[in-house]
Amino acid sequence: MAVAKRISDEPAFVLHSYDWSESSLILEVFCRRQGRVALVAKGAKKPSSNFRPVLLPLQPLLLTYTLSGDGLADIHALKGAEWVGGHVMPTGDALLSGMYLNELLLRLLARADAHTALFDDYAGVVRVLASEHGDALEPVLRSFELLLLREIGLLPSLDAQTMTLEPLHPTTRYTLVAEGGLRTASSGDRVALPGSQWQALQAALDSHASSYTATLRACAPVAAELKPQLRALLQYHCGSPTLRTRQLMMDLQSL
(Lines give C-alpha, C1' and ligand atoms only; values in the text may rest on other atoms or scores of the structure.)
Protein backbone atom coordinates (compact mmCIF):
# COMPACT_ATOMS: atom_id res chain seq x y z
CA MET A 1 0.00 0.00 0.00
CA ALA A 2 1.44 3.33 -1.06
CA VAL A 3 2.17 5.88 1.66
CA ALA A 4 0.75 9.36 1.14
CA LYS A 5 3.45 11.97 0.57
CA ARG A 6 3.14 15.22 2.52
CA ILE A 7 4.01 18.61 1.04
CA SER A 8 4.64 21.07 3.87
CA ASP A 9 4.86 24.86 4.05
CA GLU A 10 4.65 25.29 0.28
CA PRO A 11 4.54 28.96 -0.83
CA ALA A 12 1.38 29.37 -2.91
CA PHE A 13 -1.40 31.61 -4.19
CA VAL A 14 -5.03 30.65 -4.75
CA LEU A 15 -5.92 31.18 -8.41
CA HIS A 16 -9.56 30.06 -8.28
CA SER A 17 -12.00 28.18 -6.07
CA TYR A 18 -15.36 26.55 -6.63
CA ASP A 19 -17.89 24.58 -4.61
CA TRP A 20 -17.28 20.87 -4.20
CA SER A 21 -20.04 20.13 -1.70
CA GLU A 22 -22.20 22.02 0.77
CA SER A 23 -19.20 22.56 3.02
CA SER A 24 -16.05 22.06 0.91
CA LEU A 25 -14.14 23.80 -1.88
CA ILE A 26 -11.93 22.77 -4.76
CA LEU A 27 -8.96 25.11 -5.10
CA GLU A 28 -6.67 25.76 -8.04
CA VAL A 29 -3.40 27.01 -6.55
CA PHE A 30 -0.06 28.15 -7.96
CA CYS A 31 2.76 26.71 -5.84
CA ARG A 32 6.39 27.80 -5.97
CA ARG A 33 7.94 24.33 -6.12
CA GLN A 34 5.00 22.19 -7.26
CA GLY A 35 3.45 24.35 -10.00
CA ARG A 36 -0.31 24.47 -10.52
CA VAL A 37 -2.10 22.08 -8.18
CA ALA A 38 -5.75 21.22 -7.46
CA LEU A 39 -6.68 20.76 -3.80
CA VAL A 40 -9.83 19.89 -1.90
CA ALA A 41 -10.38 21.98 1.24
CA LYS A 42 -12.83 19.94 3.27
CA GLY A 43 -15.15 21.96 5.45
CA ALA A 44 -13.72 25.27 4.18
CA LYS A 45 -17.20 26.82 3.78
CA LYS A 46 -18.19 26.20 7.40
CA PRO A 47 -18.25 29.37 9.56
CA SER A 48 -15.97 27.66 12.08
CA SER A 49 -13.36 26.57 9.52
CA ASN A 50 -9.82 27.87 9.93
CA PHE A 51 -9.54 27.81 6.13
CA ARG A 52 -12.43 30.22 5.56
CA PRO A 53 -10.64 33.56 6.18
CA VAL A 54 -7.33 32.42 4.66
CA LEU A 55 -8.06 30.87 1.27
CA LEU A 56 -8.34 34.11 -0.69
CA PRO A 57 -6.85 35.01 -4.09
CA LEU A 58 -3.88 37.39 -4.40
CA GLN A 59 -2.72 36.61 -0.87
CA PRO A 60 0.62 34.87 -0.12
CA LEU A 61 0.07 31.56 1.67
CA LEU A 62 1.97 28.59 3.04
CA LEU A 63 0.07 25.38 2.28
CA THR A 64 0.39 21.84 3.55
CA TYR A 65 -1.26 19.01 1.65
CA THR A 66 -0.94 15.30 0.97
CA LEU A 67 -0.40 13.51 -2.32
CA SER A 68 -2.47 10.35 -2.25
CA GLY A 69 -0.97 7.14 -3.60
CA ASP A 70 1.69 7.78 -6.25
CA GLY A 71 0.94 11.52 -6.31
CA LEU A 72 -0.60 11.41 -9.78
CA ALA A 73 -4.21 11.95 -8.66
CA ASP A 74 -5.79 15.12 -10.01
CA ILE A 75 -6.96 16.52 -6.66
CA HIS A 76 -5.03 16.40 -3.38
CA ALA A 77 -6.15 16.96 0.21
CA LEU A 78 -5.38 20.30 1.83
CA LYS A 79 -4.26 19.87 5.43
CA GLY A 80 -3.14 23.34 6.45
CA ALA A 81 -3.07 26.95 5.21
CA GLU A 82 -1.29 29.91 6.75
CA TRP A 83 -1.48 33.53 5.59
CA VAL A 84 2.03 34.90 5.17
CA GLY A 85 0.94 38.54 5.28
CA GLY A 86 2.79 41.49 3.86
CA HIS A 87 0.06 43.33 1.95
CA VAL A 88 -3.68 43.89 1.77
CA MET A 89 -6.11 42.67 -0.86
CA PRO A 90 -5.93 44.71 -4.09
CA THR A 91 -9.09 46.66 -4.97
CA GLY A 92 -10.69 48.20 -8.05
CA ASP A 93 -8.74 47.94 -11.29
CA ALA A 94 -5.84 46.28 -9.47
CA LEU A 95 -8.14 43.50 -8.24
CA LEU A 96 -9.53 42.92 -11.73
CA SER A 97 -5.99 42.89 -13.10
CA GLY A 98 -4.97 40.27 -10.55
CA MET A 99 -7.93 38.07 -11.44
CA TYR A 100 -6.98 38.46 -15.11
CA LEU A 101 -3.46 37.19 -14.39
CA ASN A 102 -4.93 34.29 -12.40
CA GLU A 103 -7.06 33.31 -15.38
CA LEU A 104 -4.02 33.39 -17.64
CA LEU A 105 -2.16 31.05 -15.31
CA LEU A 106 -5.15 28.70 -15.15
CA ARG A 107 -5.46 28.59 -18.94
CA LEU A 108 -1.78 28.34 -19.84
CA LEU A 109 0.06 26.44 -17.10
CA ALA A 110 -0.02 22.66 -17.06
CA ARG A 111 -0.65 20.91 -13.77
CA ALA A 112 2.35 19.85 -11.62
CA ASP A 113 4.83 21.75 -13.81
CA ALA A 114 7.03 23.93 -11.60
CA HIS A 115 7.90 27.49 -12.66
CA THR A 116 9.85 28.86 -9.71
CA ALA A 117 11.04 32.07 -11.38
CA LEU A 118 7.57 32.81 -12.74
CA PHE A 119 6.09 32.28 -9.26
CA ASP A 120 8.53 34.84 -7.85
CA ASP A 121 7.62 37.28 -10.65
CA TYR A 122 3.91 36.76 -9.94
CA ALA A 123 4.48 37.42 -6.22
CA GLY A 124 6.22 40.67 -7.15
CA VAL A 125 3.34 41.70 -9.40
CA VAL A 126 0.79 40.99 -6.66
CA ARG A 127 2.72 43.24 -4.26
CA VAL A 128 2.54 46.06 -6.81
CA LEU A 129 -1.20 45.48 -7.35
CA ALA A 130 -1.76 45.84 -3.61
CA SER A 131 0.34 49.00 -3.34
CA GLU A 132 -2.16 51.33 -5.07
CA HIS A 133 0.48 52.48 -7.57
CA GLY A 134 -2.02 52.90 -10.38
CA ASP A 135 0.52 54.43 -12.75
CA ALA A 136 2.54 51.18 -12.64
CA LEU A 137 -0.41 48.92 -13.46
CA GLU A 138 -0.05 48.77 -17.25
CA PRO A 139 3.76 48.22 -17.34
CA VAL A 140 3.43 45.55 -14.63
CA LEU A 141 0.77 43.66 -16.58
CA ARG A 142 2.69 43.87 -19.85
CA SER A 143 5.92 42.69 -18.24
CA PHE A 144 4.22 39.70 -16.63
CA GLU A 145 2.51 38.77 -19.91
CA LEU A 146 5.90 38.76 -21.63
CA LEU A 147 7.54 36.73 -18.85
CA LEU A 148 4.67 34.21 -18.83
CA LEU A 149 4.75 33.73 -22.61
CA ARG A 150 8.53 33.37 -22.54
CA GLU A 151 8.44 30.91 -19.63
CA ILE A 152 6.06 28.51 -21.38
CA GLY A 153 7.73 28.78 -24.77
CA LEU A 154 5.06 30.77 -26.59
CA LEU A 155 6.94 34.04 -27.11
CA PRO A 156 8.98 34.35 -30.31
CA SER A 157 12.39 35.96 -30.22
CA LEU A 158 11.97 39.73 -30.14
CA ASP A 159 15.28 40.58 -31.78
CA ALA A 160 14.63 38.91 -35.16
CA GLN A 161 11.79 38.51 -37.65
CA THR A 162 10.08 35.22 -36.89
CA MET A 163 9.59 33.86 -40.40
CA THR A 164 12.93 34.88 -41.92
CA LEU A 165 15.14 35.06 -38.78
CA GLU A 166 16.56 38.30 -40.16
CA PRO A 167 17.79 40.72 -37.47
CA LEU A 168 15.65 43.79 -36.81
CA HIS A 169 16.61 47.20 -38.13
CA PRO A 170 16.52 49.72 -35.25
CA THR A 171 14.33 52.29 -37.02
CA THR A 172 12.02 49.92 -38.94
CA ARG A 173 8.66 49.29 -37.29
CA TYR A 174 7.57 45.72 -36.53
CA THR A 175 4.37 44.20 -35.18
CA LEU A 176 3.75 41.02 -33.17
CA VAL A 177 0.92 38.92 -34.60
CA ALA A 178 -0.60 35.78 -33.14
CA GLU A 179 0.00 33.37 -36.02
CA GLY A 180 3.10 34.89 -37.63
CA GLY A 181 5.21 36.17 -34.75
CA LEU A 182 7.24 39.35 -35.24
CA ARG A 183 7.14 40.83 -38.74
CA THR A 184 7.60 44.13 -40.55
CA ALA A 185 4.59 46.37 -39.97
CA SER A 186 2.34 47.25 -42.89
CA SER A 187 0.23 50.34 -43.41
CA GLY A 188 -2.80 48.43 -42.11
CA ASP A 189 -1.25 47.59 -38.73
CA ARG A 190 -2.63 49.84 -36.01
CA VAL A 191 0.16 49.21 -33.51
CA ALA A 192 3.87 48.55 -34.00
CA LEU A 193 7.20 49.30 -32.38
CA PRO A 194 10.59 50.21 -33.88
CA GLY A 195 13.16 47.44 -33.94
CA SER A 196 15.25 49.15 -31.25
CA GLN A 197 12.43 48.84 -28.72
CA TRP A 198 11.76 45.18 -29.53
CA GLN A 199 15.48 44.54 -29.11
CA ALA A 200 15.44 46.34 -25.75
CA LEU A 201 12.57 44.10 -24.60
CA GLN A 202 14.48 40.97 -25.62
CA ALA A 203 17.60 42.18 -23.82
CA ALA A 204 15.53 42.78 -20.68
CA LEU A 205 14.01 39.29 -20.84
CA ASP A 206 17.52 37.86 -21.19
CA SER A 207 18.84 39.79 -18.22
CA HIS A 208 20.47 37.44 -15.72
CA ALA A 209 20.35 39.84 -12.77
CA SER A 210 16.58 40.42 -12.60
CA SER A 211 14.57 39.84 -15.75
CA TYR A 212 11.37 40.99 -13.99
CA THR A 213 12.77 44.38 -13.02
CA ALA A 214 14.54 44.84 -16.36
CA THR A 215 11.42 43.85 -18.32
CA LEU A 216 9.24 46.17 -16.25
CA ARG A 217 11.55 49.10 -17.07
CA ALA A 218 11.64 48.20 -20.76
CA CYS A 219 7.84 47.93 -20.90
CA ALA A 220 7.14 51.28 -19.22
CA PRO A 221 7.53 53.54 -22.30
CA VAL A 222 5.76 51.15 -24.70
CA ALA A 223 3.04 49.58 -22.53
CA ALA A 224 0.16 51.08 -24.55
CA GLU A 225 1.51 49.75 -27.87
CA LEU A 226 2.30 46.33 -26.39
CA LYS A 227 -1.15 45.82 -24.88
CA PRO A 228 -3.20 44.91 -28.01
CA GLN A 229 -0.36 42.85 -29.49
CA LEU A 230 0.19 40.76 -26.36
CA ARG A 231 -3.53 40.39 -25.68
CA ALA A 232 -4.09 39.02 -29.19
CA LEU A 233 -1.21 36.55 -28.77
CA LEU A 234 -2.46 35.42 -25.36
CA GLN A 235 -6.04 35.00 -26.56
CA TYR A 236 -4.79 32.97 -29.52
CA HIS A 237 -3.02 30.52 -27.23
CA CYS A 238 -5.81 30.46 -24.64
CA GLY A 239 -8.38 29.67 -27.33
CA SER A 240 -12.08 30.45 -27.15
CA PRO A 241 -14.02 31.84 -25.44
CA THR A 242 -12.69 35.30 -24.58
CA LEU A 243 -11.02 35.46 -21.18
CA ARG A 244 -13.79 36.10 -18.61
CA THR A 245 -11.90 38.82 -16.76
CA ARG A 246 -10.98 40.59 -19.99
CA GLN A 247 -14.63 40.55 -21.08
CA LEU A 248 -15.63 41.95 -17.69
CA MET A 249 -13.09 44.76 -18.06
CA MET A 250 -14.43 45.63 -21.51
CA ASP A 251 -18.03 45.57 -20.24
CA LEU A 252 -17.17 47.92 -17.36
CA GLN A 253 -15.38 50.33 -19.70
CA SER A 254 -18.48 50.51 -21.91
CA LEU A 255 -20.82 51.53 -19.07
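This one's a predicted model, so the numbers in the text were calculated from it and none came from an experiment.

Participant: How would you explain the environment of R217 if you had to name every residue and give the values?
Facilitator: The residue R217 is located in helix α5 (residues 211-219) in this model. For the pair formed by R217 and L201, sequence separation is 16 residues and the distance between their alpha carbons is 9.1 Å.

Participant: I'd like to hear about the pairing of strand β5 (residues 75-83), residue by residue, with values.
Facilitator: Sheet analysis places strand β3 (residues 35-41) next to β5, joined by three bridges and oriented parallel. Bridged to L39 within β5 is H76. Note: strand β4 (residues 61-67) against β5, six bridges, orientation antiparallel. Note that in β5 the partner of T66 across the bridge is A77.

Participant: Describe the sheet that holds strand β6 (residues 173-177), naming the residues involved and giving the relevant values.
Facilitator: Here we have three strands laid out as an open sheet, ordered β7-β6-β8, and antiparallel in their pairing. Only two strands of the sheet have a single neighbouring strand rather than two, namely β7 (181-184) and β8 (193-194).

Participant: Residue-level account of the nonpolar core, with values.
Facilitator: Ranked by size, the top nonpolar core spans 46 residues in total, and within it L105, Y122, L146, W198, L201 and L226 carry the most contacts. Contributing elements (two or more residues each) for this core: β1 (5-19), α1 (92-108), α2 (116-129), α3 (137-151), β6, α4 (195-205), α5 and α6 (223-238). Broken down by element, the residue count for this core peaks at eight residues, all from α3. Aside from chain neighbours lying at most four places away, what touches L201 is L146, L158, L193, A218, C219 and L226.

Participant: Report on the pattern of salt bridges, specifying residues and quantitative values.
Facilitator: Counted according to the given criterion, the structure contains eleven salt bridges. Across the pair K227 and E138 runs a salt bridge, and its minimum N-O distance is 3.8 Å. With K227 in helix α6 and E138 in helix α3, this residue pair connects regions lying 89 residues apart in the sequence. Overall, the relative accessible area of 28% leaves K227 in the partly exposed class. Residue D189 pairs with R183 through a salt bridge whose shortest N-O separation is 3.0 Å. What emerges from the salt-bridge pattern is a single network uniting E138, R142, E145, K227 and R231.

Participant: So what about α4? Which residues, and what values?
Facilitator: All buried positions along α4 are accounted for by G195, W198, L201, Q202, A204 and L205. In the core, the buried residues of α4 are packed alongside α3, β6, β7, β8, α5 and α6.

Participant: Could you give me a rundown of the sheet that holds β4, with the residues and numbers involved?
Facilitator: In space, the five strands of this closed barrel follow the order β1-β2-β3-β5-β4, with mixed pairing throughout. Sheet twist, expressed as the average angle between the axes of neighbouring strands with direction ignored, equals 55°. Pairing analysis gives seven bridges linking β1 to strand β2 (residues 25-31), with the strands arranged antiparallel. Its bridge partner being in β2, H16 is matched across the sheet by E28. Across the face of the sheet, α2 comes into contact with β1 and β2 while running at roughly 55° to β1.

Definitions and limits used
Residues numbered from 1 in each chain as written. Predicted model: local features only at pLDDT ≥ 70, side-chain atom pairs only at ≥ 80, totals over all residues. Heavy atoms only, no water. Helix = DSSP H or I, 4+ residues; strand = E, 2+ residues; numbered from the N terminus. Pairing = 2+ DSSP bridges. Core = buried A, V, L, I, M, F, W, Y, C linked by side-chain atoms within 4.5 Å. Buried < 20%, exposed > 50% of the residue type's maximum accessible area, 1.4 Å probe, protein only. Contact = heavy atoms within 4.5 Å. Salt bridge = Lys/Arg side-chain N within 4 Å of Asp/Glu carboxyl O. Axes fitted to C-alpha atoms, helices over the stretch in contact; angles between N-to-C directions.

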